[in-house]
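These are the residues of each chain, in order.
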Amino acid sequence: MADTASRLTALAEDLLGVPLPVAIRAWDGSEAGPPGAPVLVLRSRRALRRLLWKPGELGLARAWVAGELDVEGDLYDALDRLAGLLWQRGGDGAATPVARAVRAARATGDPRLRSAAGTLFRLAGPLPPPRPPAEEVRLRTGPLHTKRRDQAAVSHHYDVGNDFYELVLGPSMVYSCAYWTEGGTLEEAQTAKLDLICRKLALRAGDRLLDVGCGWGSLAVHAARAYGARVVGVTLSTEQAAYARKRVADEGLTDLVEIRVQDYRDVRDGPYDAVSSVGMAEHVGRVRYREYADHLHALLGPGGRLLNHQISRRPEKDEAAYRVDDFIDRYVFPDGELAPLGRTVGTLEDAGFEVRDVEAIREHYALTLRRWVANLEDHRAEAERLTSPGRVRVWRLYMAASAVSFERNRIGVNQVLAVRTPDDGASGLPLRPRVWHERGEG
């Protein structure tokens, strides 16, 4: 009789109609699959039950977070090989190949497929599967992107402990794409990104800068210390705010920087000379994006500049069919949504902005994420002590899968510079693209 891993491999290939791109090691210690490939380790039948019950990213995520599923070998290679089966959907939003295969086997009259599916379900053991891991967000109800619901979503992601984020992000405490040069360190690349934003915004001493979604205060501190800007940073995370305020005080910048726990929609003390929004707009949502653009436009004075740094996705053939990946929605960014770059630019223009520059830096984010994953792996035991083994597994999977997605152009990240250009047309920006103001020059 064939061992469990060989049976699982043969059954899966019967259902999918293609060879499995990874090897499998089953709970009985047996192994099968292409030599030299990463090994998908099923530590118990529970993992298979989860995958059959929720074929695709959610079943995989639950088994992974619970520790019932692991990868031996190169995690990035494994995720890249599995992407087409477990994550990739058609442009019409159709289910993943694994989900389609399982559903077809349940409904088809083909005796071979029905037999394969039946054997897989018998190997998995009695259904339904175990309850989802504690790290999974419960299903939400009610309208998207109300202030209360956004507060809860932000708290889930960011209020897991500043000590944990220090392990992952390093001393810069910057949780967005760095700006790399050959041979540079993560800290150097993050400082270069902060400085690039300040130069694109043409900050000068005394300028008022609103930093929307200010995180742990890194950009606010840099803009005040290096450029003399007067900064208001807003965040919905109480833990981030406490950390940022201490940094500001330690730097002796309390006369220049104010950190608020405040929804950006409640900021009413314009006009500002500049607004930065770095890694925040992904939380705004499609239903609120025009409101977001209108509000930031209204907060700027004539000639005011906006730097919008935002992750994008590839356009769908049918945009109405777009849906957030279940893993991201349940475990990482509840209610987060990505938009195609064209929609972001169009909405900013509809709000009255003149878009002056777009810089695509997706390769930089892949490099950043790989450094964060390395940091997490180097401090794994401490990270588990600060949070939980499941939480650490969430972050490792999410960051590694995101790195592969940026490398393969499944998602991107862009800096969009826009101006509230006054009626006389004087934008105040350089004549030549990408020749940004030198530090402190008008």
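Not measured: the values here are computed from a predicted model.

Asks: It is not clear to me how the packing of helix 9 (residues 186-200) against helix 10 (residues 218-227) should be interpreted in this structure. Could you clarify?
Replies: Angle between the axes and distance between the axes: these two values describe a pair of packed helices. Running from N to C, helix 9 and helix 10 cross one another at 65°; their axes reach a closest spacing of 10 Å. Seen from above, helix 9 lies across helix 10 with right-handed handedness. Here Thr191, Leu194, Asp195, Ile197, Cys198 and Arg199 of helix 9 lie close against helix 10, whose contacting residues are Ser218, Leu219, His222, Ala223 and Tyr227. Partitioning the contact of helix 9 with helix 10 into residue classes produces six nonpolar, three polar and two charged.

Asks: Is there a simple way to explain the sheet that holds strand 9 (residues 300-313) in this structure?
Replies: The pairing of strands in a sheet happens through backbone hydrogen bonds and is either parallel or antiparallel. Read across the open sheet, the seven strands follow the order 7-6-5-8-9-11-10; overall the sheet is mixed. The open sheet has two edge strands, strand 7 (257-261) and strand 10 (354-360), and neither has a second partner. On average, each strand axis in the sheet is inclined to that of its neighbour by 15°, with strand direction left out of account. In terms of strand pairing, strand 8 (residues 272-278) meets strand 9 through six bridges, oriented parallel. From the neighbouring strand, Tyr272 faces strand 9, where its bridge partner is Leu300. Running over the sheet, helix 9 touches strand 8, strand 9, strand 10 and strand 11 (411-419) and is turned about 30° from strand 11. Packing against the sheet, helix 17 (residues 389-407) makes contact with strand 9 and strand 11, and its axis sits at approximately 70° to strand 11.

Asks: How do you make sense of the pattern of salt bridges when you look at a structure like this?
Replies: Pairs can form between side chains of opposite charge whenever their charged atoms are close. Within the structure shown, the criterion is met by 35 salt bridges. For Arg410, the salt bridge goes to Asp80, with nearest N and O atoms at 3.3 Å. In this pair, Arg410 is assigned in the loop between helix 17 and strand 11 and Asp80 in helix 4 (residues 75-86), connecting sequence segments 330 residues apart. A relative accessible area of 32% means that Arg410 is categorised as partly exposed. One connected set of salt bridges, linked through shared partners, spans Arg208, Glu258, Arg260 and Asp269.

Asks: What should I look at first to understand the nonpolar core in this one?
Replies: Burial of nonpolar side chains together is a common tendency in soluble globular proteins. Counting 81 residues, the largest nonpolar core has Phe164, Tyr165, Tyr175, Trp372, Trp395 and Met399 as the members making the most contacts within it. Top element by residues in this core is helix 17. It accounts for 11 residues. Setting aside residues no more than four positions away along its own chain, Tyr165 makes contact with His157, Tyr158, Val160, Gly170, Met173, Tyr175, Trp216 and Trp395. Formed by 28 residues, the second largest nonpolar core is a distinct cluster that contains Leu194, Val221, Ala244 and Val248.

Asks: Help me out: how do you make sense of the pairing of strand 6 (residues 230-235) in this one?
Replies: Among the six residues that make up strand 6, five are buried, leaving the element largely enclosed by the rest of the structure. Sheet analysis places strand 5 (residues 208-212) next to strand 6, joined by five bridges and oriented parallel. Within strand 6, the position partnered with Leu209 by the bridge is Val231. The β-α-β motif built from strand 5, the intervening helix 10 and the parallel element strand 6 has right-handed crossover chirality. Of the pairings in the sheet, the one linking strand 6 to strand 7 comprises five bridges and is parallel in character. Counted as the bridge partner of Thr235 is Val261 from strand 7. Taking the sense of rotation as the criterion, the β-α-β connection linking strand 6, helix 11 (residues 238-250) and strand 7 turns out right-handed.

Asks: Would you explain unusual backbone geometry in this entry?
Replies: Phi is mostly negative for residues that are not glycine, and the peptide bonds are mostly trans. Of note, the amide linkage connecting Gly270 to Pro271 takes the cis form, showing an omega dihedral of 5°. Residue position: Pro271 is located in the loop between strand 7 and strand 8. Backbone geometry at Met173 places phi at a positive 50°, although glycine is not the residue there. Looking at where Met173 falls in the secondary structure, it is placed in the loop between helix 8 (162-169) and helix 9. Of note in this structure, Ala202 is not a glycine but carries a positive phi near 55°.

Analysis parameters
Residues numbered from 1 in each chain as written. Predicted model: local features only at pLDDT ≥ 70, side-chain atom pairs only at ≥ 80, totals over all residues. Heavy atoms only, no water. Axes fitted to C-alpha atoms, helices over the stretch in contact; angles between N-to-C directions. Helix = DSSP H or I, 4+ residues; strand = E, 2+ residues; numbered from the N terminus. Left-handed = near helix turned anticlockwise from the far one by under 90°. Contact = heavy atoms within 4.5 Å. Nonpolar A, V, L, I, M, F, W, Y, C, P; charged D, E, K, R; others polar. Pairing = 2+ DSSP bridges. Salt bridge = Lys/Arg side-chain N within 4 Å of Asp/Glu carboxyl O. Buried < 20%, exposed > 50% of the residue type's maximum accessible area, 1.4 Å probe, protein only. Core = buried A, V, L, I, M, F, W, Y, C linked by side-chain atoms within 4.5 Å. Right-handed = clockwise from strand over helix to strand, strands pointing away.

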